[in-house]
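# Geometric and topological summary
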Amino acid sequence: MDDGRLQSGDLLDSRGCLVQSGYAFSQVKRYCRAAVKPKLRIKEWDYYSVCDGDYAVALTVADNSYMSLASVSVIDFKHIKYVTKSKIGLMSLGKLGMPSSCTEGNVRYDKGGVKISFDIDDAGNRTLRAEYKKFDGNKTFKCEFNLAPASGDNITVAIPFGKKRRFYYNTKINCLRCNGWFSVGEDRHEIKNAYAGLDWGRGVWTYKNTWYWSSLSCETDDGKTLGLNLGYGFGKPTASENVVTYDGKAHKLDEVAFDIPYTQGKIDYLKPWKMTDNEDRLELTFYPLIDRKDKMNVGVLATDQHQVFGKFYGKVVLDDGTIVNIADRMGFAEKVVNRW
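The model shown is predicted, which means the values in this text are computed figures rather than measured ones.

Let's shift gears to a positive patch on the surface. Residues Lys37, Lys39, Lys164 and Arg165 make up a contiguous surface patch of positive charge. Here Arg165 is to be found in the loop between β12 (155-160) and β13 (167-184). When its relative accessible area of 33% is taken as the criterion, Arg165 is described as partly exposed.

Structure, rendered in structure tokens:
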């Protein structure tokens, strides 16, 4: 599938169409909201996930033009439970001022008892703060996470759809070193030397979409950072987003597939998944612990999301043939179906 690296320059031409599709190991294309033509369908979001093996916390701010979203999730692996709360607003139309780059600019959301901020200083340090009143019953959620500057490669893709002026520009950054804390009511948990990941996306999608995505940020037994970003199903890509980052260097994979088991004719998200590629470089078994699911159907808007957290076991082969083994590392994999 992979047929070309993105070159530096503008993402969109004067008609609002992709200048080039493909992938890169940094965000080389310049995104400009003003260049996007179907204004009411622009989707812009920043999603951070933090995981230390005992807990995961996910923070989202999105401006989807006809709606805004601020969301917080806490996943408790020790007690096998989770809480997700979201605040939705109407007709944001770019008012959140989402940054045009993943390496600079700040995000602010403050409405209806929910405050979320993502800040990046001149040195590249990121600070994530959030407060969500009545998050779990009457308990308030608060957090502050400090992320070290991103070092090494990421994966950036510019993906077209079958419809004119529809595109997906996305950067995923794994292995952001994280320290900080979060609290729910009086219960406070310290995060020390954990890892975070960023999903930064901008684009104009078609109405119906299904995608598969998996992410892992960890250290190997020899102390090297290891990031996995695997995904498919979204748009009509000329290049995949599949990549392994090992000690900061990206090793590109081609096509991958998630084999999710069925029980009595229905997908069984909590049974072990298999993940493989078309070049015999990826062989993983994913053992689920928690299915963070969300389903909504309100006429023209519908979503069926299954973000499953669990442990990865298996191996991946780097560009030079080196085999990296993975065992007992916590991450997530998901299947999402949207109509919006």
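Below, the discussion takes up the nonpolar core. One finds Leu59, Ile116, Phe141, Phe145, Phe167 and Phe182 to be the most contacted residues of the largest nonpolar core, which totals 46 residues. A per-element tally of this core places β13 first, with seven residues. Dropping the residues within four chain positions of it, Phe141 is found in contact with Val57, Leu59, Val72, Val74, Ala130, Glu131, Tyr132, Phe135, Phe182, Ser183 and Val184. The next biggest cluster of nonpolar side chains, apart from the first, holds 29 residues, and it includes Tyr66, Ile155, Ile159 and Phe332.

Overall, antiparallel pairing links the nine strands, which are arranged β18-β17-β16-β15-β25-β24-β23-β22-β19 in an open sheet. In this open sheet, the two edge strands, each paired with only one partner strand, are β18 (249-252) and β19 (256-259). Adjacent strand axes in the sheet meet at a mean angle of 20° when their direction is disregarded. Looking at chain direction, strand β15 (residues 208-219) and strand β25 (residues 323-339) are connected through eight bridges and run antiparallel. Each residue of the ladder has a partner; that of Trp213, found in β25, is Glu334.

Under the defined criterion, the tally for this structure stands at 14 salt bridges. Between Glu241 and Lys172 there is a salt bridge, with its nearest N and O atoms 2.6 Å apart. Highlighted residues: Glu241 in the loop between β16 (225-232) and β17 (243-246) and Lys172 in strand β13, separated in sequence by 69 residues. Each member of the pair, Glu241 as well as Lys172, carries the same accessibility label: buried. The structure contains a network of salt bridges with shared partners spanning Arg108, Asp119, Arg129 and Glu144.

Criteria and cut-off values
Residues numbered from 1 in each chain as written. Predicted model: local features only at pLDDT ≥ 70, side-chain atom pairs only at ≥ 80, totals over all residues. Heavy atoms only, no water. Patch = residues over 30% accessible without salt bridge, like charges linked within 9 Å, V, L, I, M, F, W, Y side chains within 5 Å. Areas by Shrake-Rupley, 256 points an atom, 1.4 Å probe, with all protein chains shown as cover. Salt bridge = Lys/Arg side-chain N within 4 Å of Asp/Glu carboxyl O. Lys, Arg positive; Asp, Glu negative; His and termini not counted. Charge placed at Lys NZ, Arg CZ, Asp CG, Glu CD. Helix = DSSP H or I, 4+ residues; strand = E, 2+ residues; numbered from the N terminus. Buried < 20%, exposed > 50% of the residue type's maximum accessible area, 1.4 Å probe, protein only. Core = buried A, V, L, I, M, F, W, Y, C linked by side-chain atoms within 4.5 Å. Contact = heavy atoms within 4.5 Å. Pairing = 2+ DSSP bridges. Axes fitted to C-alpha atoms, helices over the stretch in contact; angles between N-to-C directions.

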